[in-house]
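Residue-level structural notes
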Amino acid sequence: MNATTTAPPGAAPAPCEARSAQYDAFHAARTRTDLVARLYAEAMGEDYPVEVAASSSCDWPLLGLLAARLRMRPGQLLVDAGCGAGGIGLWLARALAVRLDGFDLSPVAAAQATARRAHFLGPAADRAVFRVAELENTGLPDSCAHGIVCVDAFGRAADRGVALHELGRVLAPGGRLMVTRALRRGADPAWHEAVAAAGMMQEHVDERPSEPAMWERVYRLWVAHADQLRHELGEAPAKNMLREAHQMLPKLRGRRAVLLTLRRLPEGPAAPAAVDRMAGPGRQTGDGHAPGERTPQ
């Protein structure tokens, strides 16, 4: 497990700490108000899983797909990579009767997820653990997980190729990694080389045709409630949300959303030197990654 550390006074924050700051602020602000949850619920309607309450594109159809595609047996280990406040992983852990290891950049989110364990798992709450870690450095042993879910978090990896290789390393042979991705419509995905280099194969691509319209409704609600967001969440979290909304709204018409199911091959992942094929934030490759895959989960 990766321990969290506190930098000495006046020291520059560690990279993980610096990147987690806005997520910490967002998750802390959400404990003071249910406004964000109400806006997601309004945007998703009956598709909003109230108990999960994720700040992402997670809806009932996605939860059903995750449970079906993982094909896990009771007692196996599920990893929730970029778990946020933990609702998705905890819901799946209860539904599938599996153990759960969740991690996130944000210490605030990891603490909130830990506090939610008893609600979902009752006396078996210790079946789930949450901690601080990065997609590129999970701190998990080789081949320990029979399933991994990464919902709306992969786009915030500093290096997507390294992150994909790391998640492939953690998977047991035959285990499955479920990743939500966004592309430009009509683009030919070019992630196949990176998937193969990470020791995995693409098993399924499930289209999520309602996801772009859902984000459009979410973003328009954020803009419409800008003053209320500032008042109830605080200036910094509201500013980040509104910046994302204004940046992404013009781009959603060309967005294609999918759920990738990747399976670990028996021979194990390839050497890390071959994996840096996927674009990190601010870079673009021929797979036509849609900008703004990150959400404030």
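Residues numbered from 1 in each chain as written. Predicted model: local features only at pLDDT ≥ 70, side-chain atom pairs only at ≥ 80, totals over all residues. Heavy atoms only, no water.

Quick look at the side chain of E136
- For E136, the position within the fold is in the loop between strand 3 (128-132) and strand 4 (145-150).
- A distance of 2.5 Å separates a polar side-chain atom of E136 from the backbone nitrogen of A158.
- Polar contacts involving the side chain of E136 include one to the main-chain amide nitrogen of D159, which spans 3.0 Å. (Helix = DSSP H or I, 4+ residues; strand = E, 2+ residues; numbered from the N terminus. Polar contact = N/O pair within 3.5 Å; in protein donor to acceptor, adjacent residues only side chain to side chain.)

Overview of the pairing of strand 2 (residues 99-104)
- Burial analysis of strand 2 places five of its six residues in the buried class, which makes it a mostly covered element.
- For strand 1 (residues 77-81) and strand 2, the ladder comprises five bridges, and the chain directions are parallel. Its bridge partner being in strand 2, L77 is matched across the sheet by R99.
- Crossover strand 1 to strand 2 through helix 4 (residues 87-96) is right-handed.
- The sheet contact formed by strand 2 and strand 3 spans five bridges and is parallel. Bridge pairing in strand 3 links L100 to A128. (Buried < 20%, exposed > 50% of the residue type's maximum accessible area, 1.4 Å probe, protein only. Pairing = 2+ DSSP bridges. Right-handed = clockwise from strand over helix to strand, strands pointing away.)

Examining the sheet that holds strand 1
- As summarised here, the arrangement of the seven strands in space is 3-2-1-4-5-7-6, forming an open sheet in which the pairing is mixed. At either end of the open sheet lies a strand with only one pairing partner, and these are strand 3 and strand 6 (200-207). Here the strands of the sheet are splayed against their neighbours by 20 degrees on average, with no regard to which way each runs.
- Pairing of strand 6 with strand 7 (residues 255-264), which is carried by seven bridges, proceeds in the antiparallel orientation. Counted as the bridge partner of H204 is T261 from strand 7.
- In the packing of helix 5 (residues 107-115) onto the sheet, the strands contacted are strand 2 and strand 3, and the crossing angle to strand 3 comes to about 170 degrees.
- Sheet contacts for helix 7 (residues 160-170): strand 1, strand 4, strand 5 (171-184), strand 6 and strand 7; angle to strand 5, the most-contacted strand, approximately 150 degrees. (Axes fitted to C-alpha atoms, helices over the stretch in contact; angles between N-to-C directions. Contact = heavy atoms within 4.5 Å.)

Section: the pattern of salt bridges
- One pass over the full model with this rule turns up 14 salt bridges.
- Linking D104 and R156 is a salt bridge whose minimum nitrogen-to-oxygen distance equals 2.7 Å. Here D104, found in strand 2, pairs with R156, found in the loop between strand 4 and helix 7; they are 52 residues apart in sequence, far enough to count as distant.
- R156 gets classed as buried once you look at its relative accessible area, which sits at 7%.
- The salt bridge partner of E203 is R263, with a shortest N-O separation of 3.4 Å. Pair noted here: E203 is in strand 6 and R263 is in strand 7, with a separation of 60 residues, a long-range link.
- Here E203 falls in the partly exposed class, since its relative accessible area comes to 24%.
- Because the salt bridges share partners, they merge into one network encompassing D142, E166 and R169. (Salt bridge = Lys/Arg side-chain N within 4 Å of Asp/Glu carboxyl O.)

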